[in-house]
Amino acid sequence: MGRKKNLISRISIVLMMLAVSAFVACGSTVEDKYNMTEAEKKLSTDLLGLVEATKSQASTEPVANSEGQDLVYVYVYLYKGNNTNVIEPVVQEITDWDEENSVAVAWISINKLEELASLEEVKNIRTVMPPVVNNSSATTKENASDIDGDEKNTYLEDGSWIKLIGVMIFTAIIFKKRSK
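What counts, and at which threshold
Residues numbered from 1 in each chain as written. Predicted model: local features only at pLDDT ≥ 70, side-chain atom pairs only at ≥ 80, totals over all residues. Heavy atoms only, no water. Core = buried A, V, L, I, M, F, W, Y, C linked by side-chain atoms within 4.5 Å. Buried < 20%, exposed > 50% of the residue type's maximum accessible area, 1.4 Å probe, protein only. Helix = DSSP H or I, 4+ residues; strand = E, 2+ residues; numbered from the N terminus. Contact = heavy atoms within 4.5 Å. Patch = residues over 30% accessible without salt bridge, like charges linked within 9 Å, V, L, I, M, F, W, Y side chains within 5 Å. Areas by Shrake-Rupley, 256 points an atom, 1.4 Å probe, with all protein chains shown as cover. Salt bridge = Lys/Arg side-chain N within 4 Å of Asp/Glu carboxyl O. Lys, Arg positive; Asp, Glu negative; His and termini not counted. Charge placed at Lys NZ, Arg CZ, Asp CG, Glu CD. pLDDT = per-residue confidence, 0-100. Phe/Tyr/Trp six-rings, centres within 6.5 Å; stacked < 30°, edge-to-face > 60°. Pairing = 2+ DSSP bridges. Axes fitted to C-alpha atoms, helices over the stretch in contact; angles between N-to-C directions.

If you look at the biggest cluster of nonpolar residues, it comprises 21 residues, and the most contacted ones within it are Leu-43, Val-76, Ile-87, Ile-108, Leu-113, Leu-116 and Ile-125. With four residues, the top contributor of residues to this core is strand E1 (residues 71-78). Dropping the residues within four chain positions of it, Leu-43 is found in contact with Leu-48, Val-51, Leu-113, Glu-114, Ala-117, Ile-125 and Arg-126.

Here's what the structure looks like:
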């Protein structure tokens, strides 16, 4: 029975160590989620960044250009039973509609993203990303030779790895003291 308790204790400490290290490495963004409006919560992170950049931009130049307009190509996920009639006044053009899943593919102005997200019928909005095809190895001789010594040593500059190592050492010390 003593071995089982010891094993359970060790497993729980390891899991706790992983959870703490993941929290330290990723950082806490919970406060940011609570400060967002309901419309902002419906936008993907990249679209939210575009909206914030547009709000803070002092000049009249658009952030993203598509033939002189500030349009983005998005998936608009609607709640079941809703049709594109709801979003037509807000979007520039609806290029496709999946009636079964209630998803519209549309071009919309960055300035109108929050207005679209504020509609009750809209579940969320995501950027349309083109598919990526990986045909070859990620590291080739050309890629490996391009990296110089300065680029190889920049992974510790932000300090997140130092925090992670510190947490791991701290939990290892506690683990050793408990096992004695």
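What follows covers a negative patch on the surface. Residues Asp-96, Asp-98, Glu-99 and Glu-100 make up a contiguous surface patch of negative charge. If you trace the backbone, Asp-96 turns up in strand E2 (residues 93-98).

Further remarks concern the confidence of the model for the protein chain. Mean pLDDT for the protein chain: 75, with 67% of residues reaching 70 or above. Segment residues 58-68: pLDDT under 50, and 13 contacts once partners within four positions in sequence are set aside and those in other chains are kept.

Between two aromatic rings, the relevant description is the distance of the centres plus the angle of the planes. With the rule as written, the count across this model stands at two aromatic pairs. Ring geometry for Tyr-75 against Tyr-77: centres 6.2 Å apart, planes inclined by 50°, an arrangement best described as tilted. The exposure class of Tyr-77 is partly exposed, given its relative accessible area of 28%.

Taken as a whole and judged by the stated rule, the model has one salt bridge. Of the charged contacts, one joins Glu-38 and Lys-41 as a salt bridge, the two residues approaching to 3.6 Å between their closest N and O atoms. With Glu-38 and Lys-41 both in helix H3 (residues 38-41), this residue pair falls three residues apart, about one helical turn. Residue Glu-38 is classed as exposed on the basis of its relative accessible area of 56%.

Let us look at a nonpolar patch on the surface. Nonpolar side chains collect at one region of the surface, where Leu-7, Ile-11, Val-14, Leu-15 and Leu-18 lie side by side and expose about 470 Å² of accessible area between them. With respect to the helices and strands, Val-14 occurs in helix H1 (residues 2-26). Taking the relative accessible area as the measure of exposure, Val-14 reaches 40% and is therefore partly exposed.

Let us look at the sheet that holds strand E3 (residues 103-109). Sheet strands pair by backbone hydrogen bonding; their relative direction is either parallel or antiparallel. Strand order across the open sheet formed by four strands is E2-E3-E1-E4, with antiparallel pairing between neighbours. Bordering the open sheet on either side are E2 and strand E4 (122-127), each of which pairs with just one other strand. Here the average twist between neighbouring strands, direction ignored, is 30°. Sheet topology places E1 next to E4; five bridges connect them, and they run antiparallel. Of the residues in E4, the one forming a bridge with Tyr-77 is Asn-124. Running at roughly 85° to E4, helix H4 (residues 45-56) makes contact with E1 and E4 of the sheet.

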